[in-house]
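Residue-level structure breakdown
If you want the building blocks of each chain, they are given just below.
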Amino acid sequence: MKSAASELPLAGIRVLDLTTWWAGPLNAMILADFGAEVVKIEAIQRLDNWRATLADRNIEQWWETSPLFNSAQRNKFDLTLNLASVRGVEVFKQLVACSDVVCENYSPRVMPQLGIAYEVLREINPRLIMSSQTGFGLTGPWRDYVSFAQVAETLAGLAHLTGREDGPPTFAGQMLGDTLSALHGALAVMIALDERARTGRGQHIDLAQLETVVPTTAQAQLDYQMNGRVWNRVGNRHWRMAPHGCYPARGEDRWIVIAIDGDEEWKRLGELMANPGWTREARFATAAARLNNADALDQLIAAWTRDQDRDELAHQLQRAGLKAGPVLNPADLLEDPHLKARGFFQYLDREHVGRKPYPGIGIRFSKTPMHDRMPAPALGQHNEEILRRVLGMSDQEIEQLEREQVIGKIPAALLQPAPSPAEPAEDAAPVRGK
């Protein structure tokens, strides 16, 4: 059954989403998934950077085609607003007065430069919760530096631990730092909303992306703190388990991951392999012996897995109580029977890109079924609705904002310049075109 937004846990909460790229929009999207009315605010003079990422530039309205933008903006409304203009800031402050949350992920100097720092907005709405999602936090020597996921992974010590033993530090391969930051951000907003419900107080959330990634290296940190050992890279190996790795399977670029923890699991793996003689050799008799002879052990395990179907073998191992799984690529994920059975990917129709599957959220409530309600909004799609319904603006006021290019639905680079304040604007309708 499909839930209306009014039936979801965050119904009645309005969020102004100033974020761009990935971490911030994901944070706000989670709030939208849970029923908040999230108004994404971008300017026709400065679009969300991800509108151009992987976009199809051969399509007339290319800024609507980015798969990354489409994925991170579902269930949101879109309002364009030029915050570099006096009138744009005025409209934003009116929205703040009747909203619950502002999410932003600029570097710390930007909001004060725009004249909308938390101290300013708090005077307008003392119950406001503002989430500032920066690379390094609002204090400290790195405060004003900019960051991406990989920078946070590097400074958190994750890159040092990732990669082959004889190779350089390696990134996780995807934007782990952005995802972790988004989850922390959504959680922080929900906690602040809960506290506001009890105390009536709004507050400013200082979220440092770096600090959301540091806990991923907890084992290595704790071993150093307690025992003075500095961990280095071990590839797919594990400091305690063997065999532990990614092994070839039948077919091109097909792999299976297997992790064996302790002698009992080793015994069960041997039984599944029909107990070849080498499994009983002294060099593999204990966990410590297997770790010391991991190179030889991995070669023998790979020889066993190489001609087997990765999916069938993974099921055999799991049925024996052993940790294993096939290595899936993005195409495999869409066809994965388990994710299909869980309904993880949800299909949405969106103009310009058609009907596409989008990753869902890995939480199921027994009393509140959650389904995607709206695809990512088009640029300025909800200008009139938000300005009329929320701020009560007249048609004339909205038309004036459009003439001045404070709002719009076409990137400003494709428009003629807005008239200067000294010029009569009544007859100066914007010229739209590709």
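Because the structure is predicted, anything quoted here is derived from the model rather than measured.

**Quick look at the confidence of the model for the protein**
- Scored by pLDDT, the protein comes out at a mean of 92, with 95% of its residues at no less than 70.
- With pLDDT under 50 throughout, residues 422-434 is counted as low confidence; its partners more than four residues away or in other chains account for 18 contacts.

**Considering the packing of aromatic side chains**
- Within this structure, the stated rule accounts for twelve aromatic pairs.
- Both rings, one in F344 and one in F345, keep their centres 5.1 Å apart while their planes meet at 80 degrees; by these two values the pair is edge-to-face.
- With relative accessibility at 21%, the residue F345 sits in the partly exposed group.
- Its end group placed over the ring of W62, R57 keeps NZ or CZ at 3.9 Å from the ring centre.

**Side note on unusual backbone geometry**
- With omega at 0 degrees, the peptide bond leading from A242 into P243 counts as cis.
- With respect to the helices and strands, P243 occurs in the loop between α10 (218-227) and β7 (244-248).
- With a phi angle near 65 degrees, W21 is a residue other than glycine that sits in the positive phi range.
- Within the fold, W21 resides in the loop between β1 (14-17) and α1 (23-33).

**Considering the pattern of salt bridges**
- Applying the stated criterion across every chain, the model contains 30 salt bridges.
- Note that D33 is salt-bridged to R74, the shortest N-O span being 2.7 Å. With D33 in helix α1 and R74 in the loop between α2 (67-72) and β3 (76-80), this pair connects stretches of sequence that are 41 residues apart. This pair shows no difference in class: D33 is buried, exactly as R74 is.
- Close ionic contact of D263 with R290 constitutes a salt bridge, the shortest N to O distance being 2.9 Å. In this pair, D263 is assigned in helix α11 (residues 262-272) and R290 in helix α12 (residues 287-292), connecting sequence segments 27 residues apart.
- You can call R290 buried: its relative accessible area is 0%.
- Each of the salt bridges in this network shares a partner with another, and the network as a whole consists of E42, R51, E64, D78 and R350.

**Digging into the packing of α1 against helix α8 (residues 176-199)**
- As a packed pair, α1 and α8 sit with axes 8 Å apart at the nearest point and diverge in direction by 40 degrees. Relative to α8, the element α1 lies oblique. The two elements α1 and α8 meet at a crossing, and its hand is right-handed. Every residue of α8 that contacts α1 at A23, L26, N27, I30 and L31 is listed here: D178, T179, S181, A182, L183, G185, A186, V189 and M190.

**As for the nonpolar core**
- With 28 residues, the main nonpolar core has I41, L81, F92 and V102 as its most contacted residues.
- Elements supplying a minimum of two residues to this core: β2 (37-42), β3, α3 (86-97), α5 (118-124), α17 (383-389) and α18 (395-403).
- Among the elements that line this core, the one with the most residues is α3, at five residues.
- Beyond its immediate stretch of four places on either side in the chain, V102 contacts L16, L18, F92, V96, L121, L128, I129, M130 and S131.

**Some words on the sheet that holds strand β6 (residues 203-208)**
- One open sheet holds the six strands; their spatial order is β3-β2-β1-β4-β5-β6, and the pairing between them is parallel. With one partner strand each, in any of the chains shown, β3 and β6 form the two edges of the open sheet. Looking at each pair of strands side by side, their axes are set apart by 20 degrees on average, direction ignored.
- Pairing of β1 with strand β4 (residues 101-104) involves three bridges; the strand directions are parallel. Bridge pairing in β4 places V15 opposite V101.
- Across the face of the sheet, α3 comes into contact with β1, β2, β3 and β4 while running at roughly 150 degrees to β1.
- The sheet contacts of α8 involve β4, β5 (129-134) and β6, and relative to β6 the element is tilted by about 160 degrees.

**A word on the sheet that holds β7**
- Across the sheet, three strands lie side by side as β7-β8-β9; this open sheet has antiparallel pairing. Looking along the sheet, the strands with just one partner apiece sit at the ends: β7 and β9 (323-326). Each strand axis lies, on average, 20 degrees off the axis of its neighbour in the sheet, ignoring direction.
- When strand β8 (residues 255-259) meets β9, the two strands line up antiparallel, connected through four bridges. Counterpart to I256 in the pairing with β9 is P326.

**Describing the side chain of Q308**
- Considering the arrangement of structural elements, one finds Q308 in the loop between α13 (294-305) and α14 (310-319).
- In terms of polar contacts, Q308 uses its side chain to reach the backbone carbonyl oxygen of W304, at 2.8 Å.
- Beyond its immediate stretch of four places on either side in the chain, Q308 contacts A249, R250 and L313.

Each value, and the rule that gives it
Residues numbered from 1 in each chain as written. Predicted model: local features only at pLDDT ≥ 70, side-chain atom pairs only at ≥ 80, totals over all residues. Heavy atoms only, no water. pLDDT = per-residue confidence, 0-100. Contact = heavy atoms within 4.5 Å. Phe/Tyr/Trp six-rings, centres within 6.5 Å; stacked < 30°, edge-to-face > 60°. Buried < 20%, exposed > 50% of the residue type's maximum accessible area, 1.4 Å probe, protein only. Lys NZ or Arg CZ within 6 Å of the ring centre and 35° of its normal. Helix = DSSP H or I, 4+ residues; strand = E, 2+ residues; numbered from the N terminus. Salt bridge = Lys/Arg side-chain N within 4 Å of Asp/Glu carboxyl O. Axes fitted to C-alpha atoms, helices over the stretch in contact; angles between N-to-C directions. Parallel < 35°, antiparallel > 145°, perpendicular 65-115°, else oblique. Left-handed = near helix turned anticlockwise from the far one by under 90°. Core = buried A, V, L, I, M, F, W, Y, C linked by side-chain atoms within 4.5 Å. Pairing = 2+ DSSP bridges. Polar contact = N/O pair within 3.5 Å; in protein donor to acceptor, adjacent residues only side chain to side chain.

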